[in-house]
Structures are given as C-alpha cells and as structure tokens.
Amino acid sequence: MLETRDLTKVYNESVLAVNELNLKVDDGEIYVVLGANGAGKSTTISMLLNFIEPTSGTALVDDIEIPKFPLEAKKHLAYVSENVELYRNFTARQNLSFFAKLGGRKKVSNEELDATLGRVGLPEEAFTRRVKTFSKGMRQRLGIAIAIMKNAQAVLLDEPTSGLDPKGGADFLNLLRELKEEGKAIFMSTHDIFRAKEIADRIGILVQGNLERELTRDEILDEDLEALYLHYVAGYEPEEDATE
Amino acid sequence: MLMTLIQKEIMHHILSIRFVALLLMCLLLVPLTLHINYRNYLQNQVNYQESVKLSNAETEEKPPDSPHPNMEVSKLFLEPSPLSVFAKGLEESLPSYLGMTRNGVKQGSTALAEAPLTSALGNLDFLFIVSTVFSLLALLFTFDAVAGEREAGTLRITLANALPRDLFLWSKLIGGYIVFVVPFLVSFLLGLLLLVSQGFPLGEPDILLRVFGLTLISLLYIGVFFGIGTVISTYLDSSKTALIVAFTVWVLAVLISPRVGFLTAKLIAPTRGIQSVYMEKTAIRDNLNTEKEKVLGEKIIGTLGASINLDKETVKKVNKLREPIDAEYSQKFQEQVEKVDRDYQRERERQESVGETLSRITPTSSLIYLAMNLSETGKIKRNTYFQTGTRYYAQLEDEYFRNIVDDDFQTLAQFVTGKSEQKKITPAPEMADISLSETLRHSVVDLLLLCFLAMALTTIAFLKFFRLDI
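In this text the structure is predicted, and so the values were computed from the model without any measurement. (Residues numbered from 1 in each chain as written. Chains lettered and ligands numbered in written order. Predicted model: local features only at pLDDT ≥ 70, side-chain atom pairs only at ≥ 80, totals over all residues.)

## Concerning the overall build of chain A
Going by this rule: Strands are runs of DSSP state E lasting at least 2 residues, helices are runs of H or I lasting at least 4, and numbering of each runs from the N terminus. Two things to know: the radius of gyration comes from C-alpha atoms, and the globule rule equals 2.2 Å times the number of residues to the power 0.38. Here the C-beta atoms are placed from the backbone, and a residue counts as buried if at least 20 other C-beta atoms lie within 10 Å of its own, exposed if 12 or fewer do, and partly exposed otherwise. Placing a C-beta atom from the backbone of each residue, one calls two residues in contact when those atoms lie within 7 Å.
Secondary structure summary: chain A contains nine helices and ten strands in total. Taking 2.2 N^0.38 as the reference for a compact globule, 244 residues should give roughly 18 Å; the C-alpha atoms of chain A span a radius of gyration of 19 Å, in line with that estimate. Its C-alpha atoms give chain A principal-axis dimensions of roughly 60 × 50 × 30 Å. Sorting the 244 residues of chain A into buried and exposed places 47% on the buried side. Taking all contacts inside chain A whose residues are at least 6 apart in sequence as the whole, residues at least 24 apart take part in 68%.

In structure tokens, the structure reads:
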C-alpha cells in the first residue's frame, strides 16, 4: 500500500510543485495520475522515492514513512522511469542481474533472468545483446523486468508509455495487469489519457501541484475523460453540439 | 552491495572505448618513453665521463700561470641522474658544466641550447605522460560518473533501491580508479622490467625508494584528477557540458596555470640577465685593475722615483710595495663581486619563489616539483650543483686565483725574474648526494597540497551528491 499525507514540495521557497497531496493506492490497484508538464507528477514520484525531500507532509509505503526511513522504504518500492537508457554496453541479462542484486537478491540464476526477460516480451536473441542496440520499447520492457525482478510491493512508473508504439503500449499494459493481479500497488504518472482509461482503477488529475479531481473506475468509464482532462489542465469547456 | 556496484563500475569502464584508449596509452607510451630516455641517459653518462676525463687531464697538465680573467681553468660537470629517465626536469636546462674563471663561475652550454627544436616541442618522459596524458584520461573516466548516470536514467533506477548515496559515489570512485590504475601500474612495471634488463640500477635502495615514491605521487595525482572529474560530474546535469567543462579545467590546470605563475612572477619580481651580471663583474675587475695600477704607479714613483732600472732588486722592492695594494684590491673585488652575486641571487630566488608559489594553484605544478625532486633533476639538484660550483670557486680563489697578479708591473717582473712556481689546480669535487629525507623535506609542501586537494575534492563531490535532487 502506498499513501501520501499532505505531501508538499516548494522549490526555492517560491515555486509550489506539489500542494498537500493526499492519495492512497491499495494493493492490487492501479492508480494513474494525469497532468500536464510541470503539474507535479514527477516531483511526487521523486518524493515517494526520497530523491527529493518533501517540504511538508509525508509519504508511506507499507506503513513505512519514506522520508524518515528511506532505505527501509525503498525495499518495498520498484521504479520504472520514463527514459530507460540503462547501461548501454551491458547486455539485457547483465543489466537485469545487476539491478536484481541491488534490489537485494543475493544470487540470480540465468534461468530466472531469462524467464523474467521472456515474461516482459523480449525475444530470446536479445537477452545477450547489448542494450545500446535496443529500441525504446525493448528498453522499456527491460525496465519493467527490473521492477518485476525486485518483487517490491509497490511499483512507481513515471510516464512509462511515452514513445512506445501501439503494440508496445498494449504489451506494456498487459504487464501492468499481471502485476496488479499479483497484488502490487501500482502508481503511474502519464499524459496518455487513452491508456490511463484502459488500465486505471482510479485516476487523479493533478493541476499545478493540486489534486483537482479523483475518479473511480466507474467514473472513468462513464465520463468523457479527454474533455475532463482538457477542462482541468487547459481550462477548455466542452463544445456545444452544433445541431442543438 | 558496494562490491556489486564496484564490479558493475569496473565492467562498465572495461567495455567502454575510453578503456581501450587508456590501455593503448599505458602499454605504448610508458615502456617506450622509459626505454628511450634510458638510452639518452646512457649517452649522457658517457659524454659526462669523457668530459670529466678530458677536463681533469687538461687541468693537471699545465695550469696557466696568469690566465685571462675569462679563461676557464677548471670545470665542474653536471653528472646525469639515472632517475632522469622518469623526469628530465631541469637537467637539460642546467649548464653542462660550471667553468671556473677569475671573474667567477661561468656557465657552460645547456643541452637545450644544443637541441633547440627538441626543447621547443617539450620533453616526452614519464612525468609528462602522468601530468598531461593521464590527467586528461582521468577526467575522461570521471566527467560522466554522475552526470552520465543521470542522463541514462540509471541513477534514479539505482537509487530507487535501498542504497545509501555515499556507497554509490564510493563505487564510482573506487571502481573507476581500479580500472584506471591497474593498466597504469602494469605498464609501469613492464617499463621498469625493460629498464632493469638494460642495466638500470633499480636494486639500489635509494633508487628503488625514489621510484616507489614516484609511483605513489603519480597515483595521488591521478586521484586528484578523479576528484576534479567527479566534482564536475556531480555539479552538472549534462555529460556533454561536463566534458566541455572538464576539458577546459584540464587546459587551465595542466597547460596554462603552471606557466602563468612564472609569467606573473616575472612581472611582479623582475631580475637581470646572467650575462649582464657577468659583464658587471668584468667591469668591476677592469675598473679596479685600472685604479690599482694607478695607485701602484703613484706609490712606486713616490718611493723609487720616476726613473727606475728594472733589475732583480727593484722587482723585489716593487713586489714588497705592491703586496698590500694587491691584497686591498683583491679584497675590494671580492666584496663587490659578492655583492653583485648576492643581489642577483636574491632577485632570482624571489622571482622563483613567487613563480613557484603562484604555480602551485594547480596540482600539476606540485606533481612536477615532487617528481623532479624524487628524480634528482629538480631544484634541490640545481641548488646543490651551483652550491658545489660556488664552493669550488671559493677553494680555487683561495688556492689559485688570489695569487695571480696580471698588471703591467707583474708582467715585466715575471719577464725579469722568470716564471714563478706553478701551482696545481685542485680537481672539481664530486657533487654531494641528496638524501631521500632531504628530498622529502623539500617536497612536503607539494605532497601535502596534493593530499589536501584529493581529500577536499572528494569531500566536495560527496557533499554535493548528498544534496543532489535526483
């Protein structure tokens, strides 16, 4: 379970990036946060990972307070970033093995590594290929393999589908569904309204650091998410029907 | 965890193109320059021995009775140091010998003067490779240590694990340093083996300790540049910017600052040229000789009358008259020449001291001073050389020059009485050995500076990295 309590970040004592954010992601739930550039999505993830310190408020993972016990909290967190470049001169297997060890695994067999790489849809010939020859989609798959390998309770994804082709995006969502079924709490930030609508159990719309609206799965299915998003993010009002 | 990170770091470097560049530089440059410089040393040693032999033979043969004031009656030769294979230092810019003349110590030509084109291009020795090539490679190994990981997104993925930040940076420093230092040490060892196979006296305890010292300070210097690269990398987001900044820092630290220090010193504390000092001394001698002849002439006329018969008896009387005048003018000459020398020496020492201090703004200068001292081709060797020359001159002055009188009366007197008994000229003394403890005493400032820089830069990098918003 992932939770934020009045989580706030102010840069240089003047720029409000995140304002008293309160949200909760249960185990086996996918929470998608939508927002324009600079809305505070990445700042929120950075605070959840203790990359930056919150100005006030706190965040918890499995009831562990992240700012107070960052190292303990990080054992329960896996992370997939937007641009997963990884170590370009390493093979997929070498990258995965390294991050698995960092994630706390003492020994990882090649079979286990290959199984995980296969699970995220990487072709077998790519296992021993250097990552610099990978497409963005392949690197993204490897990124999620790293998160899977860590077997953490909460998974944070920072705009993971940006730049993926439709097939890559669809495969990626399937992987998220699998993680959800395993009971992971998944927190994902994105601009991609359509994929958010497809996968999210709940959606939060973040505008200038404020959580303006939170939608449940039913509300997501009922409402015109695009219009709602544009309304909050850009201030657009839905166009009136010309025939009326 | 640290081991995992260090292993990754080592692997990361080994698979990169810069490691290939390092390997090539190490394996080609280090043994090759040691080999070439040892051959040069052997040649210089042969030249030195031949010159000493020839000079000693000339001195022993027939010392001139009344040599011209500019004539070199004996020479103190500069013996090449076997450790010059590592750092040529000042050896080639020092005069090959110090000639002893009645006017003072005259400097022989330098090796640089004999090969001006080579000197214009600079020395290619172990010190140059470490100070210039390896410093650049060290920056190439570290400029993207943090910035590169930030760009690749691996910093966030790595630190998303239960990993203290200091471990990450330590792994960067240790892993990178190991990958850098191992080929460096291996190539250096190969170079040493090559030298030993050619007869280099590495087994001598003093030389072995000095070579060990050279190795340690090279490692320390590389460590300083690892620190500089890491600081740049932690302060900058983009590895391209970090590379440009690192290269600029390298140009300033290695190529510009050491020279600027001495250029500034020339403006702050100017000195006269050595030739002008020598001419000043010649002028003093000429003036005093003219004055002495006038005084002596007046004295002789006053005592013996205007017209004298130059027989043995008269010469005896004249010699008696001239003795106190000779002593007085010899004393005057010594005092004036010593004053000129002292003033010139003071000017030079001040200029050098200012230049040396200013140049220490960069670690490259400290390394050069340290390496030259350890290789016995630096300031200590130069000072010992000139001090030995001065002492030798003082000895010759007492034993030989002081007794030479060459005014017109003496020439006539010698013509009448026949040549006086020839005195043998003492051969040039051996230069005193510079002990390792003395070398360390002179090098302690530079050693401390390098240690301080390495620690300070590492601390800055850590402090910045701890506060970094990832």
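## A closer look at the overall build of chain B
Within chain B one finds 16 helices and three strands. Computed over C-alpha atoms, the radius of gyration of chain B comes to 30 Å, more than 25% over the 23 Å expected from 2.2 N^0.38 for 470 residues, which places it beyond the range of a compact globule. Its C-alpha atoms put chain B at 110 × 45 × 35 Å along the principal axes. Residue burial in chain B is summarised as follows: out of 470 residues, 36% are buried. Sequence-distant contacts, at least 24 apart, represent 84% of the contacts inside chain B between residues at least 6 apart.

## A short note on the sheet that holds strand E2 (residues 15-25) of chain A
Residue and element names in this part refer to chain A. Keep this limit in mind: We call two strands paired when DSSP finds no fewer than two bridges between them.
Read from one edge of the open sheet, four strands run E2-E1-E4-E5, paired in antiparallel fashion. Each edge of the open sheet carries a strand with a single partner, namely E2 and strand E5 (64-65). The sheet contact formed by strand E1 (residues 2-11) and strand E4 (residues 56-61) spans five bridges and is antiparallel. Residue pairing in the sheet places Leu-2 in a bridge with Val-61 of E4.

## Here we look at the nonpolar core
Quick note on the threshold: The term nonpolar core refers to a group of buried residues, namely Ala, Val, Leu, Ile, Met, Phe, Trp, Tyr and Cys, whose C-beta atoms join them within 7 Å. Residue ranges assigned to the domains are those given by an automatic or database domain assignment.
Counting residues in hydrophobic clusters, the biggest one holds 149 residues, and the most contacted among them are Val32(A), Leu77(A), Leu96(A), Leu142(A), Leu156(A), Ile186(A) and Ala371(B). The biggest single contributor to this core is helix H9 (residues 205-235) of chain B, with eleven residues. Residue contributions to this core reach at least three from each of two domains, namely domain 1 (1-76 + 153-237) and domain 2 (85-151) of chain A. Leaving out residues up to four positions away in the same chain, Leu156(A) has contacts with Ile45(A), Leu48(A), Leu49(A), Leu77(A), Tyr79(A) and Phe187(A). Of all hydrophobic cores here, the second largest spans 14 residues; its members include Phe77(B), Leu78(B), Leu94(B) and Met100(B).

## Description of the pairing of strand E3 (residues 30-34) of chain A
Residues and elements named next belong to chain A. Within E3, five of the five residues are buried, which leaves it mostly tucked inside the rest of the structure. Side-chain alternation along E3 places Ile-30, Val-32 and Leu-34 on one buried face and Tyr-31 and Val-33 on a second face that is also buried. As judged from the five bridges shared by E3 and strand E8 (residues 185-190), these two strands associate in the parallel manner. Its bridge partner lying in E8, Ile-30 is registered against Ile-186. Looking at chain direction, E3 and strand E9 (residues 202-207) are connected through four bridges and run parallel. Considered in E9, the bridge of Leu-34 is made with Ile-205.

## Some thoughts on helix H4 (residues 110-119) of chain A
Along an α-helix, a turn takes 3.6 residues, which lines up residues three or four apart on a common side. Residues and elements named next belong to chain A. Convention followed: The directions from the helix axis to the C-beta atoms form the arc being described.
For H4, every residue scored as buried is listed here: Leu-113, Thr-116 and Leu-117. Buried residues of H4, viewed axially, fall in a sector of 100 degrees; they line one side. Relative to its buried face, H4 has exposed residues pointing more than 90 degrees away, namely Glu-111 and Ala-115. For H4, the secondary structure elements touched by its buried residues are helix H3 (92-102) and helix H5 (136-150).

## Some thoughts on the interface of chain A and chain B
Rules: Only Asp, Glu, Lys and Arg are considered charged in this grouping, and only Ala, Val, Leu, Ile, Met, Phe, Trp, Tyr, Cys and Pro are considered nonpolar; every other residue, Gly among them, is considered polar.
Counting residues at the interface gives 23 residues for chain A, matched by 19 residues for chain B. Elements that contribute at least two residues to the side of chain A that touches chain B include exactly helix H2 (70-74), strand E6 (77-80) and H3 of chain A. The greatest single-element share of the side of chain A that touches chain B, amounting to four residues, is contributed by H3(A). Across the side of chain A that touches chain B, the residue classes break down as 13 nonpolar, six polar and four charged.

## With respect to the pairing of E2(A)
Residues and elements named next belong to chain A. As paired elements, E1 and E2 share seven bridges and run antiparallel to each other. The partner of Leu-7 across the bridge, within E2, is Leu-21. Counting the residues that bridge the hairpin from E1 to E2 gives three residues, and of these Asn-12 lies at a positive phi of roughly 50 degrees.

## Re the environment of Ile284(B)
Residues and elements named next belong to chain B. Locating Ile-284 in the fold gives a position in helix H11 (residues 274-304). The sequence separation of Ile-284 and Gly-229 amounts to 55 residues, and the corresponding C-alpha distance is 57 Å. In contact with Ile-284, other than residues within four places in its own chain, are Phe-333, Gln-336 and Val-337.

## Topic: helix H6 (residues 166-181) of chain A
All names here are of chain A. Here is the rule: Here, expected helix span is obtained from the residue count minus one, scaled by 1.5 Å.
Here H6 spans 23 Å end to end across 16 residues, near enough to the 22 Å set by a 1.5 Å rise per residue. By the burial criterion, the buried members of H6 are Gly-169, Phe-172, Leu-175, Leu-176 and Leu-179. Across the axial projection of H6, the buried residues extend over an arc of 120 degrees, all falling on one side. In H6, the exposed positions angled more than 90 degrees off the buried face are occupied by Pro-166, Lys-167 and Glu-181. In the segment just after H6, Gly-183 is the residue with positive phi, at about 95 degrees.

## Topic: the packing of helix H5 (residues 126-142) of chain B against helix H10 (residues 239-268) of chain B
All names here are of chain B. The line we're drawing: To get an axis, a line is fitted to the C-alpha atoms, and for a helix only the part in contact is used. The angle between two axes follows their N-to-C directions and goes from 0 to 180 degrees. For this classification, under 35 degrees means roughly parallel, over 145 means roughly antiparallel, 65 to 115 means roughly perpendicular, and everything else is oblique. The handedness criterion is simple: a crossing whose near helix is rotated anticlockwise from the far helix by less than a right angle is left-handed, and one whose near helix is rotated clockwise is right-handed.
Following both chains from N to C, one finds H5 and H10 inclined at 155 degrees, their axes separated by 10 Å at the closest point. With respect to H10, the element H5 is oriented roughly antiparallel. Two packed elements cross with a definite hand, and for H5 against H10 that hand is right-handed. Within the contact between the two elements, H5 uses Ser-131, Thr-132, Ser-135, Leu-136 and Leu-139 and H10 uses Ala-246, Trp-250 and Val-254. Here the contact of H5 with H10 is built from residues that sort into five nonpolar, three polar and no charged.

## Observations concerning the domain arrangement of chain A
Residue and element names in this part refer to chain A. As far as domains go, chain A holds domain 1 (1-76 + 153-237) and domain 2 (85-151). Measuring from the centre of the C-alpha atoms in domain 1 to the corresponding centre in domain 2 gives 25 Å. Taken together, the contact pairs ten residues of domain 1 with eight residues of domain 2. Top contributing element to the side of domain 1 that touches domain 2 by residue count: H6, with four residues. Considering only residue class, the side of domain 1 that touches domain 2 consists of five nonpolar, two polar and three charged.

## Re the confidence of the model for chain B
Residues and elements named next belong to chain B. Here is the rule: Confidence per residue, as judged by the predictor, is encoded in pLDDT with a range of 0 to 100.
Summarising the model, chain B shows a mean pLDDT of 87, and 93% of its residues fall at 70 or more. By mean pLDDT, the top-scoring element of chain B is H9 (95), and the lowest-scoring one is helix H15 (residues 408-417) (65). With a pTM of 0.85, the predicted complex shows an ipTM of 0.90.

## Quick notes on the sheet that holds E6(A)
Residue and element names in this part refer to chain A. Read from one edge to the other, the open sheet built from six strands follows the order E6-E7-E8-E3-E9-E10, with strand pairing classed as mixed. Of all the strands in the sheet, the pair left with one neighbour each is E6 and strand E10 (210-216). Adjacent strand axes in the sheet meet at a mean angle of 20 degrees, parallel and antiparallel pairs treated alike. The strands that H5 touches are E6 and strand E7 (154-158); relative to E6, the one it contacts most, it runs at about 175 degrees. Against the sheet, helix H9 (residues 225-234) touches E3, E9 and E10, its axis set at about 25 degrees to E9.

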